[in-house]
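Okay, here's what each chain looks like letter by letter:
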Amino acid sequence: MASDKITSPSLNGSLNGKRILLGISGGIAAYKIPLLVRLLKKSGADVQVVLTPSAKEFVTPTVLEVLSHRKVLCEIFPKNDAKGDWTAHIHLGEWADALVVAPATANTLAKFANGFSDDMLSVLFLALRPDKPRLIFPSMDGEMFDAPAVRRNLERLRTDGCIIIEPDYGALASGLVGKGRLPEPETIFTHIGQALAEPLWLKGKCVVVTAGATRERIDPVRFISNFSTGKMGFALAEAAAAWGAETILITGKTHLPTPPAVKRFDVESAEEMFQACKLYFERCDVFIAAAAVADYRPECAAVQKLKKDSDSFTLTLVKNPDILLEFGKQKRPHQVAIGFALETDRAIEHAQEKLVRKNLDWIALNCANEPGSGFEVETNRLTLFSRTGEVHELPLMSKRDAARAMLKLTLSCLDSRSKKN
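## A look at the side chain of Asn153
Structurally, the position occupied by Asn153 is in helix 6 (residues 148-159). When its relative accessible area of 12% is taken as the criterion, Asn153 is described as buried. Not counting chain neighbours up to four residues away, the residues in contact with Asn153 comprise Leu109, Ala110, Ala113 and Asn114.

In structure tokens:
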């Protein structure tokens, strides 16, 4: 039996910020999983536990909810819950970085292999994005693991791209000795870390990301701003840090938590953001301007709250510094500059003009009037244009996935600059 002491297994990478769907099916080995949840949480992972109905005979939802800090899911259609989320499996399929099933019983393996979806776990298995790892830890007693039907199902799941971790040999719950034991929680944890280990493509590099909306004060209680939430910029900072970069995030007002291993600076106005960015202009390797910076600010902000004492009001605006343009002017040969163009008309023309005018290496175009793109949504659809003429159209995807796709496309540019210098 595993020790109750939490250890820190060696991993090539970090689980900080990783989102794990942890499925538990109805086998006696489920007693080991609360310790696995503790290990995952201690490592910084976000864990959503999913039980099959029979798993509740072996481990209680209450224990798992306390350890994971999330409500445990079981039924597709929650009972006695008029406000239930009937599409939770779709959202979680997009949310998760990996699905881990431990223990996976013969019944659960048969459902996965043959496309059955009659409980939340089997539905999530189908809903998970195909590029996300599925780690399956079979565990069963007696001769079940070697039964032809089980072997066929495991082989089909391997063919479908699942990662199958063979059970251990040893004493089984029935008193028999054989192959079928679920590995210890520390071993399962290590397998998860290996499957999710991020390639340290940006190790030794400094990446600066701007994010969120700036605010330009009119008076002590009013300001000019926009609808940016900062989600795209935070996703880029998270990805850069996960790939080993020293990551500086300079952000306008937002309620988003700081991504793991990211150094964050909070600013309010465009001028404050500009001054913060200037500190890193010379030493950064990559500068990504994802912030929605106000183009103009009031010429003079009122010291006291302005009163409604006339039928009209004139506000004189002056231009703010263009942060990305200023970086582009001083950009050195080894540095890479990336910008965004949020457009509503003549989108490609405006994006390509901005690419050249600001001396950028890449620009990411998205359209504010396209569903699922732009501000206040979890997804984005980007078209990336490079200074050398490359064009890459990304499909609609989560902003986290879009950030990684975007950074991957810039790696070759960064590598070629490094080799020349």
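## Focus: the nonpolar core
Ranked by size, the top nonpolar core spans 36 residues in total, and within it Leu202, Val207, Leu236, Ile288, Phe340 and Met406 carry the most contacts. Those elements that provide at least two residues to this core are strand 8 (206-211), helix 8 (231-242), strand 13 (286-289), strand 16 (336-343), strand 17 (362-367) and helix 12 (399-420). Residues contacting Met406, with those up to four places away along its chain left out, are Leu236, Ile338, Phe340, Ala364, Leu382 and Leu384. Ala30, Val49, Phe137 and Ile188 belong to the second largest nonpolar core, which has 30 residues in total.

## Description of a nonpolar patch on the surface
A contiguous nonpolar patch, built from Ile28, Tyr31 and Phe58 and spanning about 290 Å² of accessible area, is present on the exposed surface. Residue position: Ile28 is located in the loop between strand 1 (19-24) and helix 1 (33-42).

## Re helix 8
Here helix 8 contains 12 residues, and its C-alpha end-to-end distance of 16 Å stays within 8% of the 16 Å for a straight helix at 1.5 Å per residue. After helix 8 finishes, the residue Gly244 shows a positive phi value of roughly 100°.

## A few points about the packing of aromatic side chains
Tallied over the entire structure, the rule returns seven aromatic pairs. Judged by centre distance (4.1 Å) and plane angle (5°), the rings of Phe112 and Phe125 are stacked. Residue Phe112 is located in helix 4 (residues 106-114), and its partner Phe125 is located in helix 5 (residues 120-127); the two are separated by 13 residues in the primary sequence. We classify Phe125 as buried; its relative accessible area is 8%. Here the aromatic residues Phe274, Phe281, Phe287 and Phe327 are joined through ring pairs into a cluster of three or more. Positioned over the ring face of Phe125 is Arg134, at 5.1 Å from the centre of the ring.

## Describing the sheet that holds strand 5 (residues 163-164)
Here five strands make up an open sheet; going across it, the order is 2-1-3-4-5 and the pairing parallel. Among the strands making up the open sheet, the edge pair consists of strand 2 (46-51) and strand 5. Alignment of strand 1 against strand 2, held across six bridges, turns out to be parallel. Residue pairing in the sheet places Arg19 in a bridge with Asp46 of strand 2. Across the sheet, helix 4 lies against strand 3 (98-104) and strand 4 (134-138), angled at about 140° from strand 3, the strand it touches most.

## Section: the pattern of salt bridges
What the rule picks out here adds up to 26 salt bridges. For Arg129, the salt bridge is made with Asp401, and the minimal N-O distance between the two is 3.3 Å. Separated by 272 residues along the polypeptide, Arg129 in the loop between helix 5 and strand 4 and Asp401 in helix 12 bring together distant segments of the chain. Each member of the pair, Arg129 as well as Asp401, carries the same accessibility label: buried. With a shortest N-O distance of 2.5 Å, Arg346 and Glu349 are connected by a salt bridge. Salt bridges linked by common partners bring Glu94, Arg129, Lys132 and Asp401 together as one network.

## Quick notes on the packing of helix 4 against helix 5
Between helix 4 and helix 5, the least distance of the axes is 10 Å, while the angle of their chain directions is 35°. Classified by chirality, the crossing of helix 5 by helix 4 is right-handed. Contacts between helix 4 and helix 5 involve Thr108, Lys111 and Phe112 from the first element and Leu121, Ser122 and Phe125 from the second. When the residues that make up the contact of helix 4 with helix 5 are grouped by side-chain class, the tally is three nonpolar, two polar and one charged.

Cut-offs applied
As a convention, each chain's residues are numbered from 1 in the sequence order in which they are written. Local features in a predicted model are, by the rule used here, given only for residues with pLDDT of at least 70; side-chain atom pairs are given and counted only at 80 or more, and totals for whole chains, interfaces and linings are based on all residues. Based on all heavy atoms of the structure, the side-chain values leave hydrogens and waters out of the count. Helix and strand definitions follow DSSP, with helices as H or I runs of at least four residues and strands as E runs of at least two, each counted in order from the N terminus. For the exposure calls, accessible area comes from a 1.4 Å probe over protein chains only, and a residue counts as buried if that area is under 20% of its type's maximum, exposed if over 50%, partly exposed in between. Working rule for contacts: check all heavy atoms of both residues, and any pair within 4.5 Å makes them a contact. Definition used in this section: a nonpolar core is a set of buried Ala, Val, Leu, Ile, Met, Phe, Trp, Tyr and Cys residues joined via side-chain atoms within 4.5 Å. Within this analysis, patches are made of residues with over 30% relative accessible area and no salt bridge. Like charges are joined at 9 Å or less; nonpolar side chains (Val, Leu, Ile, Met, Phe, Trp, Tyr) at 5 Å or less. Accessibility throughout is a Shrake-Rupley quantity obtained with a 1.4 Å probe, and a residue counts as covered only by protein chains that appear here. Any carboxyl oxygen of Asp or Glu that lies within 4 Å of a side-chain nitrogen of Lys or Arg is treated as forming a salt bridge with it. Here a helix's expected span is defined as the number of its residues, less one, multiplied by 1.5 Å. Classification of ring pairs uses Phe, Tyr and Trp, with its six-membered ring standing for Trp, and accepts pairs whose centres are within 6.5 Å; under 30 degrees between planes counts as stacked, over 60 as edge-to-face, and the remaining range as tilted. Definition used: whenever NZ (Lys) or CZ (Arg) falls within 6 Å of the ring centre and also within 35 degrees of the ring normal, the charge is taken to sit over that ring. DSSP calls a pair of strands paired once it identifies at least 2 bridges connecting them. Axis definition: a line fitted to C-alpha atoms, over the contacting stretch in the case of helices. Angles run 0 to 180 degrees between N-to-C directions. By convention, the crossing between two helices is left-handed when the near helix turns anticlockwise from the far helix through less than a right angle, and right-handed when the turn is clockwise. Note that Gly is not counted as nonpolar here; it falls among the polar residues with everything else outside the nonpolar set of Ala, Val, Leu, Ile, Met, Phe, Trp, Tyr, Cys and Pro and the charged set of Asp, Glu, Lys and Arg.

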